[in-house]
Amino acid sequence: AFAVSSSGRLLACLSERGVFKVLSINDSLRPLDEANIECRKRPKQMVWCGDDCIALYFAVPTPSNSMQHILFVGGPQDDWIPYQYDTPLHLVSECDGCRIVGAHKVEFVQRVPQSTEAIFSIGNCDPPAMLCYALERYEKGDVCAQESLRLIKNDLGEAVETCIDAAQHEHDPAVVQSLLNAAVFGRHFLSSPPPPTRFVDTCRNLRICHDLRKAPIDMPLTVPQLERLGVSGLIMRLTHRQQHFLANRLCDWVGHPRDHVLFHWACERIRHARGSSCTDDQLCAAVLSKFQGCPGIGYAEVARVAAETHRPHLATMLLSHEPRSNAQIKVLLQLSREGDNDNQIMLRLAVERAAQSHDPDLLHSALVAACGGAPCRREADVQALVRLLREKPLDFQIIADMFGQTLQRGGQHERARGFYEQLGRGKQVAHSAVHQVFRKREVEERTKWLRFAREDFDRCDPGAPEAERSSMQFCALASAEEADLLKAQIVLDELSISKRWQKGPHRLAGLSLVDTLSKLIEIGEVVEADNLHTKMKMSDRRYWRIKVRALSESGNWEELNMMATHRSSPVGYELVVEAFLKHGQHDLAKPFVPKVKNPELQAAYYERMGMHEEARAARAQRHERAGPGRLLQNILRLS
């Protein structure tokens, strides 16, 4: 048999041969004590009696075919005390002793505390005993009581503490009062008395334990057990024993929060009201009256209990007082799952509160509950969600946006487009069509979805704001231009095959307009690039930049030189000069430097080409142009 002490430090072992050992758990199971009890019968129970004694319970048959119940209590010196009983027993280990539960009574066995032994042992003259003797003489009117105190003057503080400790282990109120009076009596003669915290706590714990031992509670609790359990643990035990009034009074007396007590009371009140004539309004009023003054208490948990007892109306009334949106929405969703036949009132409330909270997790939970599953799964009921969203389109707009974006992230753009069509949101319908364009690889499919996008953008609501109508018109125009570009790219792809373009065949379909023009110029099809630029109505300034960059990247210096020489640049000649200089074509860049309008920039270009004289001349020209009063001097000279 094995038994671990209440502190978890010691392990008691009893072998089949009757060898008993005590091992230290914290010291690698080092043996602390060993004895041979000379009994090979297996005990029915072996428990610790406190932290320094062991109780063994044997049931031994007698010659008269009856059972004799024997309890052995042993200590560190291998001293075993037997106790005989006529009825079966059950042992319960406690931190300060062992509780013996019999058929007719309950007993408590513990080792005599050292403080009690120091006071009440026969013929003892220790300071605690002398302090009690001095108090006894003082109460009898003996003027020589101070002689007993004078003998223990140096140990008076320790004697006071011993009397307080001994009072904690006593059960007789008269003895407890005598020991506490002795402690108070001794404190008066201390030059520097210690803080009264321990004395006050001891009096509080003794009063609590004394009242709990009375009927109808009948809780045989000792002060060491209360200190081990804590006031909060005691309040929790009283609460679970349905002693809510006593637990509440105890909370008020010791200054402990009573939220748990009131919460448990409210739950039990609602559970016991099932089948009674108490209405939901009466229950809600009773709960609210008790919860006043407790701002941190959770109404959602009480509402959950109301829902479990089939009181949805009461749950709804309680949830209206819940400040935490997270807990509120979770309970509403639970109510909607457990059967809500009144037009899904709970689900509607949950979705509304989630939309007001703007919390992503709550929004997702409400969305999953509204459509009956994950949005991207096929079993999701989109029709039910649409019916719910149509009731309050503005309030539930964030829910609709989240559902549509979830579908689009999952690649289900067709479902997203159908969802937005049912809600009548044309802009999102057109955007879903645009997403489909970029997902399709076939040219025919891309053209078809571009046509759908243009038609959707054209169907703009006349009552929409001016900014939205302008945006829709621009998107419709962009879709039409993209469709035209795709058709032109198809023609160019066919030309690349039929005319066998350089490094062909080429696939231009799907590229942007800028990339298409750049690629045409790079492969030498400048004429086709010029035609595409004219067809797509691209500005000359933008096309000039694209063309200069593409010609320089492809190394087509002859075409770039010819274009810059025979055509007037709409953006200036800085790009041409920079392109030539970047690739070391100084001879080609030199004729275009004088066409640069900024003299300082001309000088910088000449410096990069090593033409220092020309650079100084350009700077001198800048100073001449910027001379003070130059225009006025010319006017006066002419006059």
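Rules of the game
Residues numbered from 1 in each chain as written. Predicted model: local features only at pLDDT ≥ 70, side-chain atom pairs only at ≥ 80, totals over all residues. Heavy atoms only, no water. Axes fitted to C-alpha atoms, helices over the stretch in contact; angles between N-to-C directions. Helix = DSSP H or I, 4+ residues; strand = E, 2+ residues; numbered from the N terminus. Parallel < 35°, antiparallel > 145°, perpendicular 65-115°, else oblique. Left-handed = near helix turned anticlockwise from the far one by under 90°. Contact = heavy atoms within 4.5 Å. Expected span 1.5 Å × (residues − 1). Pairing = 2+ DSSP bridges. Buried < 20%, exposed > 50% of the residue type's maximum accessible area, 1.4 Å probe, protein only. Disulfide = S-S within 2.5 Å. Patch = residues over 30% accessible without salt bridge, like charges linked within 9 Å, V, L, I, M, F, W, Y side chains within 5 Å. Areas by Shrake-Rupley, 256 points an atom, 1.4 Å probe, with all protein chains shown as cover. Salt bridge = Lys/Arg side-chain N within 4 Å of Asp/Glu carboxyl O. Phe/Tyr/Trp six-rings, centres within 6.5 Å; stacked < 30°, edge-to-face > 60°. Arc of directions from axis to C-beta.

This part is about the packing of helix H14 (residues 345–357) against helix H15 (residues 360–371). One way to put it is that H14 packs onto H15 with a least axis distance of 9 Å and a crossing angle of 155°. Classified by the interaxial angle, the pair formed by H14 and H15 is roughly antiparallel. In this structure, H14 crosses over H15, and the sense of that crossing is left-handed. Only Leu362, Leu363, Ala366, Ala369 and Ala370 of H15 make contact with H14, whose side of the interface consists of Leu347, Ala350, Val351, Ala354, Ala355 and Ser357.

Turning next to helix H17 (residues 397–409). The end-to-end C-alpha distance of H17, which contains 13 residues, comes to 18 Å, matching closely the 18 Å that a straight helix rising 1.5 Å per residue would cover. Contacts from the buried residues of H17 go to H14, H15, helix H16 (382–391), helix H18 (413–423) and helix H19 (426–439). Just downstream of H17 lies Gly411, where phi reads positive at about 80°.

Strand order across the open sheet formed by three strands is E9-E10-E11, with antiparallel pairing between neighbours. Of all the strands in the sheet, just strand E9 (90–93) and strand E11 (106–109) have a single pairing partner and so form its edges. Neighbour-to-neighbour, the strand axes of this sheet turn through a mean angle of 25°, independent of strand direction. Relative to E11, strand E10 (residues 98–101) runs antiparallel, the two being bridged by four bridges. When the bridges of E11 are listed, Ile100 appears paired with Glu107.

Following the sequence through the fold, Ser518 ends up in helix H22 (residues 513–522). Overall, Ser518 belongs to the buried group, its relative accessible area being 17%. Setting aside chain neighbours within four positions, we find Ser518 in contact with Ile546 and Ala550.

This part takes up the state of the cysteines. The final tally for this structure, using the stated rule, is zero disulfides. Residue Cys294 stays outside any disulfide, its sulfur separated by 9.5 Å from that of Cys251, the closest cysteine.

A few words now on the pairing of strand E6 (residues 53–61). When you tally the buried positions in E6, you get seven out of nine residues, the bulk of the element. Bridge count between strand E5 (residues 45–49) and E6: five bridges; the pairing is antiparallel. In the strand pairing of E6, Met46 is matched with Leu56. Between E5 and E6, which follow one another and run antiparallel, lie three residues, and Gly50 among them has a positive phi close to 80°.

Let us look at unusual backbone geometry. With an omega dihedral of 5°, the bond running from Ala215 to Pro216 counts as a cis peptide bond. Checked against the element boundaries, Pro216 lands in the loop between helix H6 (197–212) and helix H7 (223–240). Even without a glycine there, the phi angle at Asn65 is positive, about 60°. Tracing the sequence through the fold places Asn65 in the loop between E6 and strand E7 (67–74). Looking at Asn65, the relative accessible area reads 76%, which means it is exposed. One non-glycine residue, His358, lies in the positive phi region at around 60°. Summarising the element assignment, His358 is placed in the loop between H14 and H15.

With respect to topology, four strands assemble into an open sheet ordered E1-E2-E3-E4, the strand pairing being antiparallel. Both edges of this open sheet fall to strand E1 (2–4) and strand E4 (30–36), since each of them pairs with a single strand only. The sheet shows a mean angle of 15° between the axes of neighbouring strands, direction not considered. Sheet analysis places strand E3 (residues 19–24) next to E4, joined by six bridges and oriented antiparallel. Following the sheet pairing, Lys21 is matched in E4 by Glu34.

Before going further, it helps to spend a moment on a nonpolar patch on the surface. There is a patch of nonpolar side chains on the surface, built from Val4, Ile25 and Leu29 and spanning about 250 Å² of accessible area. Under the relative-accessibility criterion, Leu29 is labelled partly exposed at 47%.

We now examine the packing of aromatic side chains. Throughout the structure, instances matching the rule amount to ten aromatic pairs. Arranged with centres 6.0 Å apart and planes meeting at 75°, the rings of Phe58 and Phe72 form a pair that is edge-to-face. Of this pair, Phe58 sits in strand E6 while Phe72 sits in strand E7, and the two are 14 residues apart along the sequence. Judged by relative accessible area, Phe72 falls into the partly exposed class, the value being 26%. With a centroid separation of 6.1 Å and 20° between ring planes, the pair formed by Phe580 and Phe592 is classed as stacked. Placement of Phe580 in helix H26 (residues 574–582) and of Phe592 in the loop between helix H27 (586–589) and helix H28 (599–608) is noted, with a sequence separation of twelve residues between them. For the pair shown, Phe580 and Phe592 are each scored as buried. Following the ring pairs from residue to residue traces out a cluster consisting of Trp557, Tyr573, Phe580 and Phe592.

Here the structure, examined in full by the defined rule, presents 21 salt bridges. Between Lys214 and Asp211 there is a salt bridge whose closest N-O contact spans 3.8 Å. For Lys214, a relative accessible area of 43% gives the class partly exposed. Take Asp211: its relative accessible area is 37%, and that puts it in the partly exposed class.

Attention now goes to helix H20 (residues 443–458). Along an α-helix, residues three or four apart share an orientation, since each turn contains 3.6 residues. Here H20 is 16 residues long and its end C-alpha atoms lie 22 Å apart, about the 22 Å a rise of 1.5 Å per residue gives. Of all the residues in H20, the buried ones are Val443, Arg446, Trp449, Leu450, Ala453, Asp456 and Phe457. The buried side chains of H20 occupy one side of the element, clustering within an arc of 145° when seen end-on. In H20, the exposed positions that point more than 90 degrees away from the buried face belong to Glu444 and Asp458. Elements that come into contact with the buried residues of H20 comprise H18, H19 and helix H21 (466–498).

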